Amino acid sequence: TSFLSASFTVVNWNAQKGHNEQFVADLKSLLEQEKPDIVFLQEAMADLYQPEEMGGYFAEGWSYPWPGGETVGVLTLSRVAPIRFQPVPTKYREFGITAPKVSLVTEYPLPTGKNLLAVNVHLLNFERWSVQKISHQLEELKTIMALHSGPIIMAGDFNTWNQKRLNLVKRITADVSLREVTDFPAGRTTGDQDSAFLNEFLGVDKNLPLDRVFFSGLKPTDARILDYRSSDHTPILVR
């Protein structure tokens, strides 16, 4: 089995379904320049991009409910083959009709003899007043993480656009002793609607980043925002 190296790099990026025609070229150049070991993509398509130097697993979240509709989910790319691959679909659905959102758990051997548990998350978004649905989604992931004895990295689009949602994410990650990477520069994507009225109406705190990285048993040595604009989210990198 090949191992992740002791120092490895993770990139997280919501692909916005690859709708921007520049996206695949940007992803390619990101892989060449940063040489990440693991890439977490949300709102990806199964056939978005298959780099030569990395393999990937796609977990189908929701498909558009009409013929020829595209299938969207989370995609985890890695230089080392995972020894485990587990999609975790949500019990609830966006708007109650589309297919469930999905998270993807993969596991990779480390040189220490332990395994890294990697959790690629896209949290349910449209829940204006309550956090019941995302609470259920996070509790399922918490159960999986609680059973793991090695290092953990959980990254993704947490849709933390208000304080109530963020507090829930913080509480559940703390339950399994995960800490958040906090030393990113300013400029991560937020839920800002570019309209004071809409922010107020939807309850969006425009200062809260949506894309986050949590970890345990690891030491972050670098946290950066990468300058690519071909999605409505900017990619983030942690070493």
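Attention here is on the structure that accompanies the text. (Residues numbered from 1 in each chain as written. Predicted model: local features only at pLDDT ≥ 70, side-chain atom pairs only at ≥ 80, totals over all residues. Heavy atoms only, no water.)

### Structural notes on the pairing of strand S10 (residues 211-216)
Of all 6 residues that make up S10, 6 are buried, and the element is covered over most of its length. Of the two faces of S10, the one holding Asp211, Val213 and Phe215 and the one holding Arg212, Phe214 and Ser216 are both buried throughout. With 6 bridges connecting them, strand S8 (residues 152-157) and S10 associate as antiparallel partners. Paired with Ala155 across the bridge in S10 is Val213. Two elements, strand S9 (residues 179-180) and S10, share 2 bridges in a ladder whose sense is antiparallel. (Buried < 20%, exposed > 50% of the residue type's maximum accessible area, 1.4 Å probe, protein only. Helix = DSSP H or I, 4+ residues; strand = E, 2+ residues; numbered from the N terminus. Pairing = 2+ DSSP bridges.)

### Observations concerning the environment of Glu52
Considering the arrangement of structural elements, one finds Glu52 in the loop between strand S2 (38-45) and strand S3 (55-63). On the basis of relative accessibility, which here comes to 84%, the residue Glu52 falls in the exposed class. Considering only alpha carbons, one finds Glu52 and Arg79, 27 residues apart in sequence, at a separation of 9.7 Å.

### Description of the side chain of Lys142
Here Lys142 is to be found in helix H2 (residues 132-146). Residues within four places of Lys142 in sequence aside, it is in contact with Ile172, Asp175 and Val176. (Contact = heavy atoms within 4.5 Å.)

### Overview of the packing of H2 against helix H3 (residues 163-175)
In the contact formed by H2 and H3, the axes pass within 10 Å of each other and the chain directions differ by 15°. Judged by the inter-axis angle, H2 sits roughly parallel to H3. Considering the relative orientation of H2 and H3, their crossing is right-handed. Contacts from Ile134, Ser135, Leu138, Glu139 and Lys142 of H2 reach H3 at Arg165, Leu168, Val169, Arg171, Ile172 and Asp175. Across the contact of H2 with H3, the residue classes tally to 5 nonpolar, 1 polar and 5 charged. (Axes fitted to C-alpha atoms, helices over the stretch in contact; angles between N-to-C directions. Parallel < 35°, antiparallel > 145°, perpendicular 65-115°, else oblique. Left-handed = near helix turned anticlockwise from the far one by under 90°. Nonpolar A, V, L, I, M, F, W, Y, C, P; charged D, E, K, R; others polar.)

### Describing the environment of Tyr57
Within the secondary structure, Tyr57 is located in strand S3. Taking the relative accessible area as the measure of exposure, Tyr57 reaches 35% and is therefore partly exposed. Residues Tyr57 and Val105, spaced 48 residues apart in sequence, show a C-alpha to C-alpha distance of 9.9 Å. Not counting residues within four places of it along the chain, the set of residues in contact with Tyr57 comprises Val74, Leu75, Thr76, Pro82, Phe85 and Leu104.

### Considering the nonpolar core
Of all hydrophobic cores here, the largest spans 22 residues; its most connected members are Val119, Met145 and Met154. It is H2 that contributes the most residues to this core, 5 residues altogether. Sequence-distant contacts of Val119, defined by excluding residues within four places in its chain, comprise Phe40, Leu104, Val105, Leu141, Met145, Ile153, Met154 and Ala155. In this structure, Ala15, Val39, Ala44 and Met54 belong to the second largest nonpolar core, which totals 20 residues. (Core = buried A, V, L, I, M, F, W, Y, C linked by side-chain atoms within 4.5 Å.)

### Quick look at the pairing of strand S1 (residues 10-14)
A regular strand places its side chains so that they alternate between the two faces of the sheet. The element S1 is extensively covered by neighbouring structure, given that 5 of its 5 residues are classed as buried. Side chains Val10, Asn12 and Asn14 of S1 all project onto a buried face; the interleaved residues Val11 and Trp13 project onto the opposite face, where all are buried too. Bridging between S1 and S2 involves 5 bridges; their strand directions are parallel. Across the sheet, the residue bridging to Val11 is Val39, located in S2. Following the chain from S1 across helix H1 (residues 23-34) to the adjacent parallel S2, one finds a crossover that is right-handed. Pairing of S1 with strand S12 (residues 236-238), which is carried by 3 bridges, proceeds in the antiparallel orientation. Directly across from Val10, in S12, lies its bridge partner Val238. (Right-handed = clockwise from strand over helix to strand, strands pointing away.)

This is a description of form; function is not addressed.
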